[in-house]
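# What the coordinates show
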Amino acid sequence: MLLGACGLVVAGFVYADAWFGSRQAVAEFKAAQAEVIETLPVMSASASATPPAVASGDDQALALLTIDRLELEVPVFSGTNKKTLNRGAGVVDGTSLPGTAGNIVVSAHRDSFFRPLKDIRIGDVIELELRDGMQRFRVGETFITDPLDVSVLEPTETPTLTLITCYPFYFVGFAPERLIVRATLLDS
């Protein structure tokens, strides 16, 4: 029983650390975003509609992903290492960054930040808040695939947001499949 109690304490600490780390990253992102917005020049009507790429440090969020209907708000970091996925979602290496054209592929754990994706619907709007703008995407398809299916990472002609998480959501151990959510750009 002592070993079980220790396990629960450790698990509680890990989840608390993830929650606090995520909230801290969101607060830091919003503060940095406010600073950038204050220093942006007024854009003319002829200015590009696509926001510039976002430079980042390893510990700074690139964007804030929100789906209002699902009450999902998660910071998006570069890469998908263990530390990153403990604090939020991560852009898969080799895919486009938020704020750029192409296929932006974002991954997060099904049992934490991407749990709300179990209720995602075609037509839902996903927002990627950047420090200097926003990209809004509409969900066009969802499907289940094999974890070895890397076709979802391929570049796209049109601006696309691809969300990846393990599936099924209520599975003990390593999940055998992946849920893919594909969304296309509405506006930027």
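Residue indices begin from 1 for each chain and proceed along its sequence in written order. Local features in this predicted model are restricted to residues whose pLDDT is 70 or higher, and side-chain atom pairs enter the listing and the counts only when it is 80 or higher, whereas totals over whole chains, interfaces and linings include all residues. Heavy atoms from the whole structure form the basis of all side-chain values; hydrogens and water molecules are not counted.

## Things to note about a nonpolar patch on the surface
The grouping of V10, F13 and V14 at the surface amounts to a nonpolar patch, some 310 Å² of accessible area in total. Its place among the elements puts V14 in helix α1 (residues 2-39). Accessibility here uses a 1.4 Å probe with only protein chains present; expressed as a share of the type maximum, an area under 20% marks a residue as buried, one over 50% as exposed, and anything in between as partly exposed. Its relative accessible area of 41% is what places V14 among the partly exposed residues. Patch definition: residues above 30% relative accessible area lacking any salt bridge, with like charges linked at up to 9 Å and the nonpolar side chains Val, Leu, Ile, Met, Phe, Trp and Tyr linked at up to 5 Å. Residue-level accessible areas treat just the shown protein chains as cover; the underlying method is Shrake-Rupley with a 1.4 Å probe. Note on definitions: salt bridges are taken to be side-chain nitrogens of Lys or Arg within 4 Å of carboxyl oxygens of Asp or Glu. Helix and strand definitions here come from DSSP, where helices need a minimum of 4 consecutive H or I residues and strands a minimum of 2 consecutive E residues; each element is numbered from the N-terminal end.

## So, the environment of F29
Mapped onto the elements, F29 comes out in helix α1. Residue F29 is classed as buried on the basis of its relative accessible area, which comes to 2%. Taking the C-alpha atoms as reference, F29 lies 7.5 Å from A63; in sequence the two are 34 residues apart. Throughout, a residue-residue contact means that at least one pair of heavy atoms, one from each residue, lies within 4.5 Å. When neighbours within four sequence positions are excluded, F29 is seen to be in contact with A61, L62, A63, L64, E129, L130 and R131.

## Things to note about the pattern of salt bridges
Inspection of the entire model under this criterion finds three salt bridges. In this structure, the salt-bridge partner of D124 is R69, at a minimum N-O distance of 2.8 Å. With a gap of 55 residues between them, D124 in the loop between β4 (103-107) and β5 (125-130) and R69 in the loop between β1 (63-67) and β2 (72-78) connect regions that are remote in the sequence. The class of D124 is buried, set by a relative accessible area of 8%. With its nearest N and O atoms 2.9 Å apart, the salt bridge here joins D119 to K118.

## Structural notes on the pairing of β4
Burial analysis of β4 places five of its five residues in the buried class, which makes it a mostly covered element. The side-chain alternation of β4 yields two buried faces, one formed by N103, V105 and S107 and the other by I104 and V106. Between any two strands, pairing holds if DSSP finds at least two bridges. Pairing of strand β3 (residues 89-91) with β4, which is carried by two bridges, proceeds in the antiparallel orientation. Residue pairing across strands places V91 opposite V106, the latter belonging to β4. As defined by bridge partners, β4 adjoins strand β7 (residues 160-167) across five bridges and the pair is classed as parallel. Each residue of the ladder has a partner; that of V105, found in β7, is T162.

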